[in-house]
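# Notes for the structure review
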Amino acid sequence: MGRPDHNHDVFLARQSFFDFGHPAGIAFRQHEFIELRAFFELLIDHLFEALGWDLRNTAQVAPQYREVVTEDSLDVEGQQRAPDYAFRVGTTPKFYVEAKKCGVNINAAYAPAYQLRRYGWSAKVALSILTDFEELGVYDCALRPRSSDKASHARIQYYRFEEYPDRWRELWDVFSRE
C-alpha cells in the first residue's frame, strides 16, 4: 500500500476536480449530472482507493477474501440487508459505508443514519460511514440504534468534502487499509 503522503497527493489531485471554475465542479454543486449516482460512486470509490483499499480486486483474491464487497449480505434483525460497501480484513468486516444519493442531508437525515447504525450494530463493527461524498458522517456502531434517534446520535465525526485535504490524516489514521 502507498504511504499516507503519496495517497494524500493522489487525493489532492482528485480534490482539485472540484475547483469552483471547473465545469464538473459546477455541475456537482448544481446537481446536474445525468448519471449522478454513478458519478458519486466513482468519487466514493476514489476516496477509499486513496485510503489504500482494493475496491476493484486488483490482487485477484477469491471472493470470500476480497477487501471490499459491494452490496454484501448482512442479517439485520432476521432480515437480509445489503450495505453498499463492506470493508474487510480477511473475512472480518472492519466497517461499512452506506452511500446515499446527492440531495440527502447526511448531517440531518435520521433514516439513513439509523440504517447504517443497524448494519454496524448487527455486525458488531465499531465504526461505519454514511456519505454522499459531499458529506461524510462517522458513526459509533457500538451504541444500539433506535428509530427515534436523531441523525447526530452516535455520530462522532462529520466532514464536508472541502475539508478532506486538510483533515486527511484523521481519515487515514482511522479508515486506511494500513
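For the structure, check the block above.
Please read these numbers as outputs of a predicted model, since none were measured by experiment. (Residues numbered from 1 in each chain as written. Predicted model: local features only at pLDDT ≥ 70, side-chain atom pairs only at ≥ 80, totals over all residues. Heavy atoms only, no water.)

### Here we look at the packing of aromatic side chains
To be explicit about the condition: Working definition: rings of Phe, Tyr and Trp (its six-membered ring) pair if their centres are within 6.5 Å, and the pair is stacked with planes under 30 degrees apart, edge-to-face with planes over 60 apart, and tilted otherwise. Think of it this way: any DSSP run of H or I at least four residues long counts as a helix, any run of E at least two long counts as a strand, and we number them from the N terminus. We call a residue buried when its accessible area falls under 20% of the maximum for its residue type, exposed when it is over 50%, and partly exposed in between, using a 1.4 Å probe and counting protein chains only.
Scanning all chains against the criterion turns up 9 aromatic pairs. Between W53 and F87, the ring centres sit 5.2 Å apart and the planes meet at 75°, which makes this aromatic pair edge-to-face. Residue W53 is found in the loop between helix 3 (36-50) and strand 1 (68-70), and its partner F87 is found in strand 4 (residues 85-89); the two are separated by 34 residues along the sequence. Looking at W53, the relative accessible area reads 5%, which means it is buried.

### Some details on helix 4 (residues 110-123)
Condition: A helix is expected to span 1.5 Å for every residue after the first.
Between the first and last C-alpha of helix 4 there are 20 Å, a value that for 14 residues agrees with the 20 Å anticipated at 1.5 Å per step. Every buried residue of helix 4 is listed here: P112, A113, L116, R117, R118, Y119 and G120.

### Points about unusual backbone geometry
When glycine is set aside, most residues are seen to have a negative phi, and most peptide bonds are trans. Despite not being glycine, N57 shows a phi value in the positive range, around 55°. Note that N57 resides in the loop between helix 3 and strand 1. The class of N57 is buried, set by a relative accessible area of 15%. Although it is not a glycine, K124 sits at a positive phi angle of roughly 60°.

### Here we look at helix 5 (residues 168-175)
We count it as follows: It is the directions from the helix axis to the C-beta atoms that the arc portrays.
Taken residue by residue, helix 5 has W168, L171, W172 and F175 as its buried positions. In a view along the axis of helix 5, the buried residues occupy a sector of 100°, so they form one face of it.

### Observations concerning the sheet that holds strand 6 (residues 127-131)
Note the following rule: Paired strands, as defined in this entry, are two strands with at least two bridges between them according to DSSP. All axes here are fitted lines through C-alpha atoms, helices being fitted over the stretch that makes contact, and every angle between N-to-C directions spans 0 to 180 degrees. Whether two residues are in contact is decided by their heavy atoms, any of which lying within 4.5 Å being enough.
Pairing within the open sheet is mixed, and its 6 strands lie in the order 1-4-5-6-7-8. Edge positions in the sheet fall to strand 1 and strand 8 (155-160), since each of these pairs with one other strand and no more. When the angles between neighbouring strand axes are averaged without regard to direction, this sheet yields 20°. Pairing analysis gives 5 bridges linking strand 7 (residues 135-140) to strand 8, with the strands arranged antiparallel. Its bridge partner being in strand 8, Y139 is matched across the sheet by R155. Sitting on the sheet, helix 4 touches strand 5 (92-99), strand 6 and strand 7, and the angle it makes with strand 5 is about 170°.

### Details of the pairing of strand 7
Look at any regular strand and the pattern is simple: side chains alternate between the two faces of the sheet. Counting buried positions along strand 7 yields 5 of 6 residues, so the element is predominantly enclosed. In this sheet, strand 7 lies alongside strand 6 in antiparallel orientation, the contact comprising 5 bridges. Of the residues in strand 7, the one forming a bridge with S128 is Y139. Hairpin remark: strand 6 followed by strand 7, antiparallel, with 3 residues in the connecting loop; positive phi at F133, about 75°.

### A word on the environment of I156
Topologically, I156 is positioned in strand 8. A C-alpha to C-alpha distance of 7.7 Å links I156 and G137, two positions 19 residues apart in sequence. With residues near it in sequence (within four places) discarded, I156 still touches L127, V138 and D140.

### Some details on the nonpolar core
Grouped burial of nonpolar side chains is what soluble globular proteins tend to show. Rules: Buried Ala, Val, Leu, Ile, Met, Phe, Trp, Tyr and Cys residues form a nonpolar core when they are joined through side-chain atoms within 4.5 Å.
Grouped together as the largest cluster of nonpolar side chains are 26 residues, with contacts concentrated most on F48 and F87. Listed by contribution, the elements that provide at least two residues to this core are helix 3, strand 4, strand 5, strand 7 and helix 5. Top element by residues in this core is helix 3. It accounts for 6 residues. Beyond its immediate stretch of four places on either side in the chain, F48 contacts W53, L55, F87, F95, V97 and I129. In this structure, A86, I106, Y139 and C141 belong to the second largest nonpolar core, which totals 12 residues.

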